Amino acid sequence: MTQKIPVAVLGATGTVGQKFVSLLAEHPWFDLVALAASSASAGRRYGELVRWRDSAPLPQRLGEMVLRECAPPLPGAIVFSAVDADVAGPIEQSFAGAGAVVITNTRTHRLDPDVPLLIPEVNADHLALLDCQRESRGWPGAILANPNCSTAAIALALAPLHRAFGIERMFVSTLQAVSGAGYPGVPSLDILGNVIPYIGGEEEKIDRESRKILGKLESGAVEPADFSVSAHTNRVAVVDGHMATISVGFATRVEPDAAARAIREFRPSRTVAALPSTPNPPIELDERADRPQPRLDLDRGRGMAVTVGRLRPCPVLDLRMVVLGHNTIRGAAGQGIQIGELLVAEGRVAPGVRSGRAT
């Protein structure tokens, strides 16, 4: 690509917004040209306002950028949204109405029937929903969503098994990092030396979002995968990395060797495999008895690979496994950027395009 595509980030000062900024700073396809935040922050330089939490230093060019309000028009063919879910709906719809392609990390539109909920390695064909969305809503732009941070890892890990054997039942218990709660997040006196066995709305997201992602696109709509989910979610004293212990049941008995083969052979389409953010392989199978671990395995595939370990028989269902994913990369900003790359590869966004009216 000889000409980079201009993009913007909404909610740029938050935890996920900062990760978008960090990953986009030197992106080979995208040029980050606008940062937006609340109206109270607009007009101030990003570097003066943001409490930068990423391990990579904030590039001077971006630190000097003046924050704008989360309202169209903004320069950028693609707008990555990390705004708070309580206000995301009208903001994201206004950008889509102005002609922007919005890729949102918030829950607001994930389950809308005409909004693609995407993991490109799994369900890139769901992009076809955009045509239905534009026709029904009458706007020139579009809204796409990436999954909840725990669902992103779980659904990717389960995709090869569901394709090969057909999941009927799933039990999942998560151990989710504190960064999933944003910054400043969970108070230290609540989480240090403790486990909190409740994360609001998280169990329902795992259920509904996993079944939408693994569902089939038929006649312009997604038919959710037909399996039952029992989910338990827990916040643990880990900085980054969501882990899930999962038991799955199938229509017929599936042995660990067959499941391992399906995971190792799983590959995305050539188009998705060629995207800058796609890891090779997207799912790594680790046969060591005590892996995966967030401290040791989180950054595989630059944070975009999901690690599966402890694949073994289950005496209640069929298989047991442990899944680990990076919640702010595969589960948030990195996944969103990969969706943007897919739009470019599919010819749905082209260089030189800017959202809304000229600025």
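Predicted model only: the values in this text are computed from it and were never measured. (Residues numbered from 1 in each chain as written. Predicted model: local features only at pLDDT ≥ 70, side-chain atom pairs only at ≥ 80, totals over all residues. Heavy atoms only, no water.)

1. Focus on helix α13 (residues 333-345)
- With 13 residues, α13 extends 18 Å from end C-alpha to end C-alpha; this agrees with the ideal 18 Å at 1.5 Å per step.
- Within α13, 12 of the 13 residues are buried, which leaves the element mostly enclosed by the surrounding structure.
- All of the buried residues in α13 are A333, G334, Q335, G336, I337, Q338, I339, G340, E341, L342, L343 and V344.
- At the C-terminal side of α13, G347 shows a positive phi close to 75 degrees. (Helix = DSSP H or I, 4+ residues; strand = E, 2+ residues; numbered from the N terminus. Expected span 1.5 Å × (residues − 1). Buried < 20%, exposed > 50% of the residue type's maximum accessible area, 1.4 Å probe, protein only.)

2. Details of the pattern of salt bridges
- Evaluation of the coordinates by the stated rule reveals 18 salt bridges.
- Note that R348 and D131 form a salt bridge whose closest N and O atoms lie 3.5 Å from each other. Of this pair, R348 sits in the segment after α13 while D131 sits in helix α6 (residues 129-137), placing them 217 residues apart in sequence.
- In this structure R348 comes out as partly exposed when scored by relative accessible area, which is 29%.
- Given the relative accessible area of 44%, D131 is considered partly exposed.
- Taken together, the shared-partner salt bridges in this structure form one network comprising E284, D286, R288, R291, D297 and R300. (Salt bridge = Lys/Arg side-chain N within 4 Å of Asp/Glu carboxyl O.)

3. Some remarks on the nonpolar core
- Membership of the largest hydrophobic core comes to 56 residues, with the highest contact counts inside it found for L10, L158, M170, I246 and M321.
- Broken down by element, this core gets its largest block of residues, 8 residues, from helix α7 (residues 149-165).
- Residues contacting M170, with those up to four places away along its chain left out, are I154, L158, I206, F227, S228, V229, S230, I246, S247 and V248. (Core = buried A, V, L, I, M, F, W, Y, C linked by side-chain atoms within 4.5 Å. Contact = heavy atoms within 4.5 Å.)

4. Comments concerning the sheet that holds strand β15 (residues 319-325)
- Taken together, the 7 strands give an open sheet; going across it, the order is β8-β11-β7-β12-β15-β14-β13, and neighbouring strands pair in mixed fashion. For this open sheet the edge positions go to β8 (195-196) and β13 (283-286), each flanked by a neighbour on one side alone.
- With 7 bridges joining them, strand β12 (residues 242-250) and β15 adopt antiparallel strand pairing. Following the sheet pairing, M243 is matched in β15 by L324.
- Strands β7 (167-176) and β11 (228-236) of the sheet are contacted by helix α9 (residues 202-213), whose axis makes an angle of about 140 degrees with β11.
- Lying over the sheet, helix α10 (residues 256-265) contacts β13, β14 (306-313) and β15, oriented at roughly 165 degrees with respect to β14. (Pairing = 2+ DSSP bridges. Axes fitted to C-alpha atoms, helices over the stretch in contact; angles between N-to-C directions.)

5. Considering the pairing of strand β2 (residues 30-37)
- Counting buried residues along β2, 6 of its 8 residues qualify, which places the element largely inside the surrounding structure.
- In this structure, strand β1 (residues 5-10) lies alongside β2, joined through 6 bridges in parallel fashion. Paired with P6 across the strands is D31, a residue of β2.
- Looking at chain direction, β2 and strand β3 (residues 68-69) are connected through 2 bridges and run parallel. Its bridge partner lying in β3, A36 is registered against R68.

6. Overview of the packing of aromatic side chains
- Scanning all chains against the criterion turns up 4 aromatic pairs.
- Ring plane angle 80 degrees and centroid distance 6.4 Å describe the contact between Y46 and W52, whose orientation is recorded as edge-to-face.
- Here Y46 falls in the buried class, since its relative accessible area comes to 0%.
- Taking the centre distance of 5.8 Å and the plane angle of 70 degrees together, the rings of F165 and F250 count as edge-to-face. Of this pair, F165 sits in helix α7 while F250 sits in strand β12, placing them 85 residues apart in sequence.
- Residue classification places F165 among the partly exposed residues on the basis of a relative accessible area of 27%. (Phe/Tyr/Trp six-rings, centres within 6.5 Å; stacked < 30°, edge-to-face > 60°.)

7. Here we look at the pairing of β14
- For β13 and β14, the ladder comprises 4 bridges, and the chain directions are parallel. Residue pairing for β14: L285 is matched across the bridge by V308.
- Taken together, the 5 bridges between β14 and β15 define a ladder with antiparallel strand orientation. Directly across from P313, in β15, lies its bridge partner L319.

8. Thoughts on the confidence of the model for the chain
- Mean pLDDT over the chain works out to 95, with 97% of the residues at or above the 70 mark.
- Note that pLDDT drops below 50 for residues 355-359; the model gives that stretch 17 contacts with residues more than four away or on any other chain. (pLDDT = per-residue confidence, 0-100.)

9. Describing the sheet that holds strand β6 (residues 142-145)
- Strand order in the open sheet formed by 6 strands is β3-β2-β1-β4-β5-β6, with parallel pairing between adjacent strands. One side of each edge strand has no neighbouring strand; the edge strands of this open sheet are β3 and β6.
- Along the sheet, α6 makes contact with β5 (101-104) and β6, crossing β6 at roughly 140 degrees.

10. Section: the packing of helix α1 (residues 15-24) against α13
- Taken N-terminus to C-terminus, the directions of α1 and α13 make an angle of 50 degrees; their axes are 9 Å apart at the nearest point. Between α1 and α13, the interaxial angle falls into the category oblique. Crossing hand, α1 versus α13: right-handed. On α13, the residues that touch V16, K19, F20, L23 and L24 of α1 are A333, G334, G336 and I337.
- Of the residues belonging to the contact of α1 with α13, the class tally is 6 nonpolar, 2 polar and 1 charged. (Parallel < 35°, antiparallel > 145°, perpendicular 65-115°, else oblique. Left-handed = near helix turned anticlockwise from the far one by under 90°. Nonpolar A, V, L, I, M, F, W, Y, C, P; charged D, E, K, R; others polar.)

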